Amino acid sequence: TYGGKDAVKNASLVIKRGEFVTRLGPSGCGKTTTLRMIAGFEMPTSGRIIFDGKDITDTPPHLRPVHTVFQRYALFPHLNVYNNIAFGLKLKVIPNGTKTDRKGRTVQLYRKYTKDEIREKVEHVLRMVDLEDYGYRGVSSLSGGQMQRVAIARALVNEPEVLLLDEPLGALDLKMRKDMQLELMDMHRRLGITFVYVTHDQEEALTMSDKIVVMRDGVIQQIADPEK
């Protein structure tokens with residue numbers, strides 16, 4: 001609820017592991033707000049968000065097993081492709097065993113990724129999005145479709161269990177949109193992770209999805225397979 005106005009009302013949805021689920025509806029229908037709640041960028045006024053049986057409603061965004069790809073790419077213009085993708089890994093800490101403190105308590109230890117580990121991960125996702133020869137290109141020299149693939153690679157390098165895509169093809173021309181639809185569908189099949197996609201384009205939703213969630217005025221009106 002924003003200022004007394006309900007942006008999303010009584011929305012209840014179960015998403016299965018590995019599904020490609022698309023939230024479809026006009027601007028202002030609540031689909032992006034719902035996506036932002038899953039990501040942790042918005043707190044629900046009421047209700048809970050459950051992931052794999054665990055309540056993550058109050059979990060901050062950086063600790064959730066999800067990553068978001070935005071329409072406007074949000075790439076760093078001063079960094080090349082490689083460093084755009086590696087940026088988050090350089091800041092991330094990972095478990096590195098435990099130790100016992102003076103009071104006999106077990107303490108979790110953490111470390112940062114090494115340069116070799118970062119390089120291996122970045123090169124792997126560059127191959128996944130067919131940009132293996134673009135690592136040291138400036139992002140300003142890329143086409144819109146290539147920049148979107150870099151944005152997707154930056155999300156995938158963190159190995160999310162769920163990839164959230166907020167109208168990621170909206171800024172592309174028609175031909176590039178069609179090409180990227182096929183690429184995303186192929187990527188989803190290869191990765192096997194859950195995709196939650198937001199669009200107002202009915203044809204796009206019907207083409208790409210395992211399940212479509214139709215929204216209007218903050219209400220889920222229908223949940224069904226594209227064939228239905």
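Residues numbered from 1 in each chain as written. Predicted model: local features only at pLDDT ≥ 70, side-chain atom pairs only at ≥ 80, totals over all residues. Heavy atoms only, no water.

Engineer: Please clarify how the nonpolar core should be interpreted in this entry.
Structural biologist: Proteins that are soluble and globular tend to have nonpolar side chains buried together. Counting 39 residues, the largest nonpolar core has I85, V122, L156, L163 and L184 as its most contacted members. At the level of elements, α2 (81–91), α3 (115–128), α4 (144–156), β7 (162–166), α5 (174–191) and β8 (194–199) are the ones that each hand at least two residues to this core. Those residues within four positions of L184 in sequence are excluded, and the remaining contacts are I152, L165, L169, F195, Y197 and M208. L35, M37, A39 and V66 belong to the second largest nonpolar core, which has twelve residues in total. (Core = buried A, V, L, I, M, F, W, Y, C linked by side-chain atoms within 4.5 Å. Buried < 20%, exposed > 50% of the residue type's maximum accessible area, 1.4 Å probe, protein only. Helix = DSSP H or I, 4+ residues; strand = E, 2+ residues; numbered from the N terminus. Contact = heavy atoms within 4.5 Å.)

Engineer: I would appreciate a short explanation of the side chain of R23 in the present structure.
Structural biologist: Along the polypeptide, R23 turns up in strand β1 (residues 20–24). Salt bridges are absent for the buried R23, whose nearest opposite-charge side chain, D166, sits at 9.6 Å. When neighbours within four sequence positions are excluded, R23 is seen to be in contact with L13, K31, T34, V196, Y197, V198, T199, V213, M215 and I220. (Lys, Arg positive; Asp, Glu negative; His and termini not counted. Salt bridge = Lys/Arg side-chain N within 4 Å of Asp/Glu carboxyl O.)

Engineer: Could you clarify how one ought to interpret α5 in this entry?
Structural biologist: For an α-helix, the turn length of 3.6 residues means that residues three or four places apart are oriented alike. The end-to-end C-alpha separation of α5 is 26 Å, in line with the 26 Å expected for 18 residues at 1.5 Å each. Where α5 is buried, its residues contact β1, α4, β7, β8 and α6 (202–208). (Expected span 1.5 Å × (residues − 1).)

Engineer: What am I meant to see in the sheet that holds β8 here?
Structural biologist: One key point about sheets: their strands pair by backbone hydrogen bonds, in either a parallel or an antiparallel sense. What the six strands build is an open sheet, ordered β4-β7-β8-β1-β9-β10; its pairing is mixed. Two strands bound the open sheet, and with one partner strand each, they are β4 (66–69) and β10 (219–224). Averaged over neighbouring strand pairs, the angle between their axes works out to 20 degrees when direction is ignored. Each of β4 and β7 touches α4; the most contacted strand, β4, lies at about 170 degrees to it. Strand contacts of α5: β1, β7 and β8, with the helix running at about 160 degrees to β8, the strand carrying the most contacts. (Pairing = 2+ DSSP bridges. Axes fitted to C-alpha atoms, helices over the stretch in contact; angles between N-to-C directions.)

Engineer: Please explain the pattern of salt bridges as it appears in this structure.
Structural biologist: When charged atoms on two side chains of opposite charge get close, those side chains can pair. Summed over all chains, the structure comprises 16 salt bridges. R105 serves as the salt-bridge partner of D101, at 2.9 Å between the closest nitrogen and oxygen. In this structure R105 comes out as partly exposed when scored by relative accessible area, which is 49%. Between K121 and E159 there is a salt bridge, and its shortest N-O distance comes to 2.7 Å. Residue K121 is located in helix α3, and its partner E159 is located in the loop between α4 and β7; the two are separated by 38 residues in the primary sequence. The buried category is assigned to K121, whose relative accessible area is 19%. Overall, the relative accessible area of 57% leaves E159 in the exposed class. One salt-bridge network, held together by shared partners, links R17, D52 and E161.

Engineer: Sorry, what's going on with the packing of α2 against α3 here?
Structural biologist: How two helices sit against one another is set out by the angle between their axes and by the gap between those axes. Contact pair α2 / α3: the axes reach a minimum separation of 10 Å and the direction vectors enclose 125 degrees. Classed by the angle they form, the pair α2 and α3 counts as oblique. Like other packed secondary-structure pairs, α2 and α3 cross with a definite hand, here right-handed. Where α2 approaches α3, its residues V81, Y82, I85, A86, L89 and K90 are matched on the opposing element by I118, R119, K121, V122, V125 and L126. Among the residues forming the contact of α2 with α3, the class breakdown is nine nonpolar, no polar and three charged. (Parallel < 35°, antiparallel > 145°, perpendicular 65-115°, else oblique. Left-handed = near helix turned anticlockwise from the far one by under 90°. Nonpolar A, V, L, I, M, F, W, Y, C, P; charged D, E, K, R; others polar.)

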